[in-house]
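A look at the structure
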Amino acid sequence: MRLERFNLSNNQIFGEIPGCWPEGSLLSFVHLGNNMLSGEIPSSVGNLTRLEFLHLNDNNLSGRLPFSLQKCSQLLVVDLGDNKFSGNVPVWIGQSWLQLRALRLRSNMFDGDIAPQLGQLRDLQIVDLSNNTLSGPIPDSFGNFSALISTSARPLPPFFTMFVGSGDYEGIESMALVTKGDQLMFSTILYLVKTIDLSSNNLSGEIPKELGYLAGLHTLNLSRNYFRGEIPDDIGRMGSLETLDLSLNCLSGRIPQAMSELNYLNHLNLSYNNLSGEIPFGNQLQTLDDASIYISNPYLCGVLINKSCFNGNNINASSEEYGMASQMLSIYLSHALGFLIGLWSVFVLLLFQKDWRNSYFKMIDKVYEATKIKMRN
């Protein structure tokens, strides 16, 4: 029997994946997602050298990705999300799966830095590494994804037409992705989706300006990390961007005016950062009139959040008031300190200088007698 497609998804299968995947198999599609499978991926899966679609998502699988999987060089779609896989995201993914279109590893236990070699996957248009414990910076090589640089409509690719419109398999190729704050299932338009989701990790450093090259990207989610520095001006070059989420980071500085040039942007979240200055206004940003986009950025100002900017400059009024209050407090403290020092000096002189002390008490006596005389009269 020439078995090419193997689909046992959406059942209640438990136990481990059998380790009996033979060499020379014609299998191009394996879907075991949405079950209760456990254990590790057997190394014999690497024998499926014609495999193009691998879905093991939504199980209890664990361990590291076996090195043998690099032999599956024809892979187009890999969905291992919502499991318990651990270790680094393998470097060999960017060296062996050169035809990969979609990589979904979300909600696992992957750690360590993101390998720069992933930037060699020129056809990659879906990158979902969210909800892991990845650390370090975003590699500059993420600006090399050719499929995300191009803004032209791509023809319906072979990896999709294999299933859509082919009888019993119509619509079988689908993937759950988060966009605009919601998790949605993409199927018939999956080939059009272009997204990078690195949210809910421990990533740090600055947002690389090279991401600005991705003019065809639709969704960029970097929320819930530790990114610092300013939002790069190059983000204004991402002309196809519809969703941008940079919330819950440590970003500072001004919001680039270039962001107003993102004509397709309809979902924006910059909340819970340290951004400052005046909120840009104009073009598409005029339609994003939800103040919650900017909450918990205490040094932002603008009409939308009802905070005036100081003298028309992009300085938060509350920040300016804080600075003025600090100056007044310094003045008061310096006066109080000077008074105490002067009082203490007089006290020391009276304590150790007998002539001064006698003169002081004589003066007090004179004042007292003069006061008594006035009261009698």
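Residues numbered from 1 in each chain as written. Predicted model: local features only at pLDDT ≥ 70, side-chain atom pairs only at ≥ 80, totals over all residues. Heavy atoms only, no water.

1. Examining the packing of aromatic side chains
According to the stated counting rule, one finds 6 aromatic pairs in the structure shown. Between Phe29 and Phe53, the aromatic rings sit 5.8 Å apart at their centres with planes inclined by 55°, giving tilted as the arrangement. Taken together, the residues Phe29 in strand S3 (residues 29-31) and Phe53 in strand S5 (residues 53-55) connect sequence positions 24 residues apart. Through a chain of ring-to-ring contacts, three or more aromatic side chains come together here, namely Phe67, Trp92 and Trp97. (Phe/Tyr/Trp six-rings, centres within 6.5 Å; stacked < 30°, edge-to-face > 60°. Helix = DSSP H or I, 4+ residues; strand = E, 2+ residues; numbered from the N terminus.)

2. Some words on the environment of Gln286
By the secondary structure assignment, Gln286 is in the loop between strand S22 (274-278) and strand S23 (299-301). Given the relative accessible area of 43%, Gln286 is considered partly exposed. Sequence separation between Gln286 and Ser260 is 26 residues; the distance between their C-alpha atoms is 8.5 Å. (Buried < 20%, exposed > 50% of the residue type's maximum accessible area, 1.4 Å probe, protein only.)

3. Quick word on the state of the cysteines
Applying the stated rule across the entire model yields 1 disulfide. Residue Cys301 pairs covalently with Cys309 via a disulfide, S to S 2.0 Å. Given an S-S torsion of about 105°, the disulfide between Cys301 and Cys309 has right-handed geometry. The pair Cys301 / Cys309 is uniform in exposure class, with both members buried. (Disulfide = S-S within 2.5 Å.)

4. Describing the pattern of salt bridges
Under the defined criterion, the tally for this structure stands at 6 salt bridges. Members of the salt-bridge network, linked through shared partners, are Asp79, Asp82 and Arg104. (Salt bridge = Lys/Arg side-chain N within 4 Å of Asp/Glu carboxyl O.)

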